[in-house]
Amino acid sequence: ERLVGAVVGCHGDDNGLILAPEIAPIQVVIVPVLFKGTDEAVLAACREVATRLRAAGLKVELDERNKSSGEKYFHWELRGVPLRLEVGPKDVEKKSVFAARRDVPGRDGKKPIAMADLESGVKAMLADIQKALFARQTDFVATRVKHPKTLSEAKALDDEAQKSGTLYILTMAICSDTCAAQVEKGLDIKTLGVPAGVDRAQNVGGTCAVCSKQAKDTLRFARTY
């Protein structure tokens, strides 16, 4: 449940969810753009696209519901599907599909993909979405991580965070569970452990922020709700 909440909080926007392709239950949605007299050709092209992408190992939904294209766009944007492929009469003529990225709003996130390059083009766009979401969130997290050297510095940062409503992750050099407990009690925050990907043997952080003895770890602390 916490992971689901983290995904929603990290990547969502005013239009709903944004799901990273690697975890999305539907990676690509295909939306037919229908006009009278062209339905059969458009739907045939959409079914071909769906068949080819599924054969390429992608999780695909073809939306053939009796609703307008705009309703379908809104429906799938709200649910965070990473990539939408629109197929209309002109796309059929040009032997292409029109791709819209969920992570990039407006025209900047749209471009055609030729049917000849369908599988490779869609996979490349999904890979770029995955990379872009990770990079965007990494940059955001970096602005929220602070490195106080002492407990008093940590307290000042925590006071600032509560006044501004901008919460921080505090990384602090700690020598023992006793000192970690003092940080928790003094700031009413929780220990989140050693940062992910850190070799604990190389994670000795200088002097303890609480007692100034030799630290054994650099730990993360933050408020949890």
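Just so it is clear, the structure is predicted and the values come from calculations on it, not from any experiment. (Residues numbered from 1 in each chain as written. Predicted model: local features only at pLDDT ≥ 70, side-chain atom pairs only at ≥ 80, totals over all residues. Heavy atoms only, no water.)

Bringing the overall build of the protein chain into the picture now. Counting its secondary structure elements, the protein chain contains 7 helices and 9 strands. In summary, the protein chain has a C-alpha radius of gyration of 24 Å against a globular reference of 17 Å for 225 residues, an excess of more than 25%. Considering the protein chain as a whole, with its 225 residues, one finds that 39% of them fall into the buried category. Of the contacts made within the protein chain by residues no fewer than 6 positions apart, 64% connect residues no fewer than 24 positions apart. Element-wise, carbon and sulfur atoms account for 54% of the exposed surface of the protein chain, whose accessible area totals about 13300 Å². Taking the average location of the 34 positive side-chain charges in the protein chain and that of its 30 negative ones, the two points are 2 Å from each other. (Helix = DSSP H or I, 4+ residues; strand = E, 2+ residues; numbered from the N terminus. Rg over C-alpha atoms; globule rule 2.2 N^0.38 Å. Buried < 20%, exposed > 50% of the residue type's maximum accessible area, 1.4 Å probe, protein only. Contact = heavy atoms within 4.5 Å. Areas by Shrake-Rupley, 256 points an atom, 1.4 Å probe, with all protein chains shown as cover. Lys, Arg positive; Asp, Glu negative; His and termini not counted. Charge placed at Lys NZ, Arg CZ, Asp CG, Glu CD.)

Here Ala161 lies in helix H6 (residues 151-164). The class for Ala161 is buried, based on a relative accessible area of 4%. Note: C-alpha distance between Ala161 and Val49 (112 residues apart in sequence) is 50 Å.

Next up on the list: the sheet that holds strand S7 (residues 169-174). Across the sheet, which stays open at both edges, the 4 strands sit in the order S6-S7-S9-S8 with mixed pairing between neighbours. The sheet terminates laterally at strand S6 (145-146) and strand S8 (190-193), the two strands that pair on one side only. Sitting on the sheet, helix H7 (residues 177-187) touches S7, S8 and strand S9 (217-222), and the angle it makes with S7 is about 145°. (Pairing = 2+ DSSP bridges. Axes fitted to C-alpha atoms, helices over the stretch in contact; angles between N-to-C directions.)

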